[in-house]
Amino acid sequence: MNTSFCEIILATLKKCLPANNDIVNLHEPLFCGNEWNYIKECIDSTKVSTVGNYVVQFEKMLIDFTGIKYAIATVNGTAALHICLLLSGITKGDEVIVPALTFVATINAVSYCGAIPHFADSEEQTLGLDPYKLLGYLKEISEIRKGTCFNRITGRPIKAVIAMHTFGHPVDLEPLLELCNRFKLVLIEDATESLGSFYKGRHTGNWGKLSALSFNGNKTITTGGGGAILTNGESLAKLAKHLTTTAKLPSRWYFKHDYIGYNYRLPNINAALGCAQMEKLPDILENKRSLAERYRRSFMSIKGIKFFIEPNFAKSNYWLNVLLLENEYHGKLQELLEITNDSGIMTRPAWNLTNKLPMYKDCPKMDLSVAENIESSLINIPSSAFL
Ligand SMILES: *Cc1c(COP(=O)(O)O)cnc(C)c1O
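Residues numbered from 1 in each chain as written. Predicted model: local features only at pLDDT ≥ 70, side-chain atom pairs only at ≥ 80, totals over all residues. Heavy atoms only, no water.

This next bit is on empty space enclosed by the protein. A full pass over the atoms with the stated rule returns one cavity of 30 Å³ or more. Space inside the largest cavity adds up to approximately 30 Å³. Forming the walls of the largest cavity are Thr-192, Glu-193, Ser-194, Leu-195, Ser-214, Phe-215, Lys-219, Thr-220, Ile-221 and Asn-317. Tallied by class, residues from the lining of the largest cavity come to three nonpolar, five polar and two charged. (1 Å grid on protein atoms, 1.4 Å probe; cavity = no way out; pocket = protein on both sides within 12 Å on 5 of 7 lines; lining within 4 Å. Points joined across faces, edges and corners; volume = space filled by probe spheres on them. Nonpolar A, V, L, I, M, F, W, Y, C, P; charged D, E, K, R; others polar.)

Following this line, the structure appears as structure tokens:
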């Protein structure tokens, strides 16, 4: 009886998952409602694109669920982030504080504005930005001049912070907001992973000036591809709608545009899928949380690894479930990925820290030791709502 560490983890995973011979993917959509009906209606009526009522209906459903005042549906989450940054006044040569531990889209959106990502560290409690460590760092390297925060080393203005709710777990938003007020920074939330996640009772995406959601195929709900901008500002919402619909002025037939706009609107057929998915969101979240609970209980007694649970101020959607290897077991990550994927249970490591990617390797950054530690210890495990 000499079962290896990785074999024990594999057996524990199997115990939590349905017993069959199918491959268990990391995250698959669940279609169990009106998806077919609504899409058929789009096709039967030919309203698959810019005409039709599903976009408005979908936006209304997002507003009702998140408690936000305005939601603007977009083609994807990256486009939503791009507009959030533009409407926060981010322009060429500005710096934007971003987590190093994130999907590359967060960082790319900053680049689309000609701005420079400035990488910040994570905290173990949330896997997201550490507001206290960031506070100490900004005190050291920045100064406020005429109401604008400047990086004393690069001389560039630091304009905003993007909080990304990692795998659905909310960042500690209150101290982060306090920091933003103190340093005159705009808070933007990358809530692309956190539909259904709440911080201190209020939905994520409802704390920043502007926020982005994603409905990509692997997210909690999907529209095929899609996203949304959330804001509580009426004029911001109007501008967001305007910019995402080619900045076209209302007219019966003339094409008049008053900005360089974007074709970022969500097609009606995708919004139809979104409406059907939103109807099922509460069930999806319940299923995801109960799978997480099963994982939590099963991994409680396993030595060398822990199942990541929501921070105490949060109610998380458990979008992608997380296991973290304890320090002495970091060397097992590769073997664990191999043994699970070879057995048909799909697992995945964290993203490589975005500051190490070739196009971002020379950007400013603070000490990233916690993010680095998470990078070498994290493994995502199957998280679909039907499991
Ligand atoms: C999914 C995701 C996005 C982008 O969403 P798309 O809809 O795929 O463009 C952005 N940031 C993070 C952290 C994501 O996980």
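Having seen it, we continue.
This brings us to the pattern of salt bridges. Applying the stated criterion across every chain, the model contains 16 salt bridges. Between Asp-44 and Lys-40 there is a salt bridge whose closest N-O contact spans 2.6 Å. Here the residue Asp-44 and the residue Lys-40 both occupy positions in helix 2 (residues 35-45), the gap between them amounting to four residues, near one helical turn. What makes Asp-44 exposed here is its relative accessible area of 53%. (Salt bridge = Lys/Arg side-chain N within 4 Å of Asp/Glu carboxyl O. Helix = DSSP H or I, 4+ residues; strand = E, 2+ residues; numbered from the N terminus. Buried < 20%, exposed > 50% of the residue type's maximum accessible area, 1.4 Å probe, protein only.)

In this section: the site of the ligand. Surveying the vicinity of the ligand reveals 15 residues, the closest of which are Gly-77, Thr-78, Glu-193, Ser-214 and Lys-219. Within the contact set of the ligand, a nitrogen atom lies 3.2 Å away from a side-chain nitrogen or oxygen of Thr-192. The contact in question runs from an oxygen atom of the ligand to an N or O atom on the side chain of Lys-219, over 3.2 Å. When isolated, the ligand has an accessible area of 380 Å², and the protein chains bury 91% of it. Taking a 2 Å distance to the grid points as the criterion, the majority of the atoms of the ligand fall inside the largest pocket. Of all the secondary-structure elements, those providing two or more residues to the shell around the ligand are helix 4 (77-87) and helix 5 (104-112). For the shell around the ligand, the per-class residue count stands at three nonpolar, nine polar and three charged. (Near = heavy atom within 4 Å. Polar contact = N/O pair within 3.5 Å; in protein donor to acceptor, adjacent residues only side chain to side chain. Areas by Shrake-Rupley, 256 points an atom, 1.4 Å probe, with all protein chains shown as cover. Sits in = over half its atoms within 2 Å of the grid points.)

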